[in-house]
Amino acid sequence: MNPVVGLDISKEESHGQAFLAREKPFRGTFHFEHTRDGLANLHQVLKDVETASRLRPLLILEATGHYQSPVVQFLEEHHYIYIVINPLISNRLRKSQLRKVKTDAADAYLLGELYYKEEFEPFKKRGVQLLNLRYLTRQYESLSKMCVQTKLQFQAVLDQVFPAYKGVFGAMYSRISLRFLSKFPTSYSVLQTDEITLKAKMKELLSSKRGRSEGWINQRVQRLLDAAKQNPFQQTMYASHLINLLRSIRLRCE
């Protein structure tokens, strides 16, 4: 005998069909949820197959991204050998059959049959460190794209609210620059504040670990005043622009 269990994986539950050998299905199709109790039911089926065949069954399933994670982790914890196939392979077999309607139960049966028709290599478990690195790399790429998009949105809004502000600080995205802009996001707010107050506020917002000289502060305040006077948008016509600008600043500072 050469027992196998085909698993059709879905988001929160899966269907399965066991075979003791080629063209010898074991019982009917079963299903289980991706919960502790559900996986315990799967385990019981696997033990029943092992009892009937006197061999530990192998499992075969399609790659479904993260949906398969609870099942795969369970199989690895209990040292079951399993095969993960590309869905394109099972789709070819599915198209060659007369059945046109896709059902989870039928697909579990199909996967079991496929095992006896093809030669597959068991899934080679990658090291935990490699899987962690792959996951973190994907997250880094995703966050990097979000960061770039946020910068582009920020610049687009700033161009419509306070375009000359870009020249006030050497690094526009520095913490002091963004924190100061959140307090004085428009030319009007700058020009309505006296120079002494602007200097005091800038000094207050500077990190205590990296103090700046009075000359540095005076120079930035003067640049700010010049930028405010030259800004074509003395008043912000659209309140939505200001709301979006402040939201973008919070995303960068938090």
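Everything numeric here is computed off the predicted structure, so don't read it as measured data.

## With respect to the overall build of the protein chain
The number of helices and strands found in the protein chain is ten helices and five strands. Looking at the protein chain as a whole, 37% of its 254 residues qualify as buried. Long-range pairs, those at least 24 residues apart, make up 59% of the contacts in the protein chain with a sequence separation of at least 6. Here the protein chain has roughly 15600 Å² of accessible surface; of this, 53% comes from carbon and sulfur atoms.

## Things to note about the pattern of salt bridges
All chains considered together, the criterion is met by six salt bridges. A salt bridge links E195 to K199; its shortest N-O distance comes to 3.4 Å. Taken together, the residues E195 and K199, both in helix α8 (residues 195-205) and four residues apart, mark about one turn of the helix. Residue classification places K199 among the partly exposed positions, given a relative accessible area of 25%. Between E204 and K201 there is a salt bridge, with the nearest N and O atoms lying 3.4 Å from each other. With E204 and K201 both in helix α8 and three residues apart, this pair spans about one turn of that helix.

## Considerations on the environment of L39
Relative to the helices and strands, L39 resides in helix α1 (residues 36-53). You can call L39 buried: its relative accessible area is 13%. Remark: the alpha-carbon pair of L39 and F74, spanning 35 residues in sequence, is separated by 7.4 Å. Discounting chain neighbours no more than four positions away, the residues touching L39 are F32, E33, P70, V71 and F74.

## A word on the sheet that holds strand β3 (residues 24-33)
The mixed open sheet is built from five strands, whose spatial order is β3-β2-β1-β4-β5. Where the open sheet ends on each side, the last strands, each with one partner, are β3 and β5 (82-85). Sheet twist, expressed as the mean angle between neighbouring strand axes with direction ignored, is 20°. Relative to β3, strand β2 (residues 13-21) runs antiparallel, the two being bridged by seven bridges. Directly across from S14, in β3, lies its bridge partner F32.

## Observations concerning the pairing of β2
Of all nine residues in β2, eight are buried; the element is thus mostly enclosed. In this structure, strand β1 (residues 4-9) lies alongside β2, joined through six bridges in antiparallel fashion. Across the sheet, G6 pairs through a bridge with Q17, a residue of β2. Between β1 and β2, which pair antiparallel and follow one another directly, the connecting turn spans three residues. Two successive antiparallel strands, β2 and β3, enclose a turn made up of two residues, where E23 displays a positive phi of approximately 60°.

## Brief notes about unusual backbone geometry
Phi at R27 takes a positive value of approximately 60°, unusual for a residue other than glycine. Relative to the helices and strands, R27 is located in strand β3.

## With respect to the nonpolar core
Within the largest apolar cluster, 28 residues are counted, with the highest numbers of intra-cluster contacts made by F162, Y165 and F180. For this core, the secondary structure elements donating two or more residues are α5 (128-161), α6 (175-183), α8, α9 (214-230) and α10 (239-253). The leading source of residues in this core is α9, at seven residues. Within the second largest apolar cluster, 21 residues are counted, among which are F32, L39, L42 and Y80.

Basis of the calculations
Residues numbered from 1 in each chain as written. Predicted model: local features only at pLDDT ≥ 70, side-chain atom pairs only at ≥ 80, totals over all residues. Heavy atoms only, no water. Helix = DSSP H or I, 4+ residues; strand = E, 2+ residues; numbered from the N terminus. Buried < 20%, exposed > 50% of the residue type's maximum accessible area, 1.4 Å probe, protein only. Contact = heavy atoms within 4.5 Å. Areas by Shrake-Rupley, 256 points an atom, 1.4 Å probe, with all protein chains shown as cover. Salt bridge = Lys/Arg side-chain N within 4 Å of Asp/Glu carboxyl O. Pairing = 2+ DSSP bridges. Axes fitted to C-alpha atoms, helices over the stretch in contact; angles between N-to-C directions. Core = buried A, V, L, I, M, F, W, Y, C linked by side-chain atoms within 4.5 Å.

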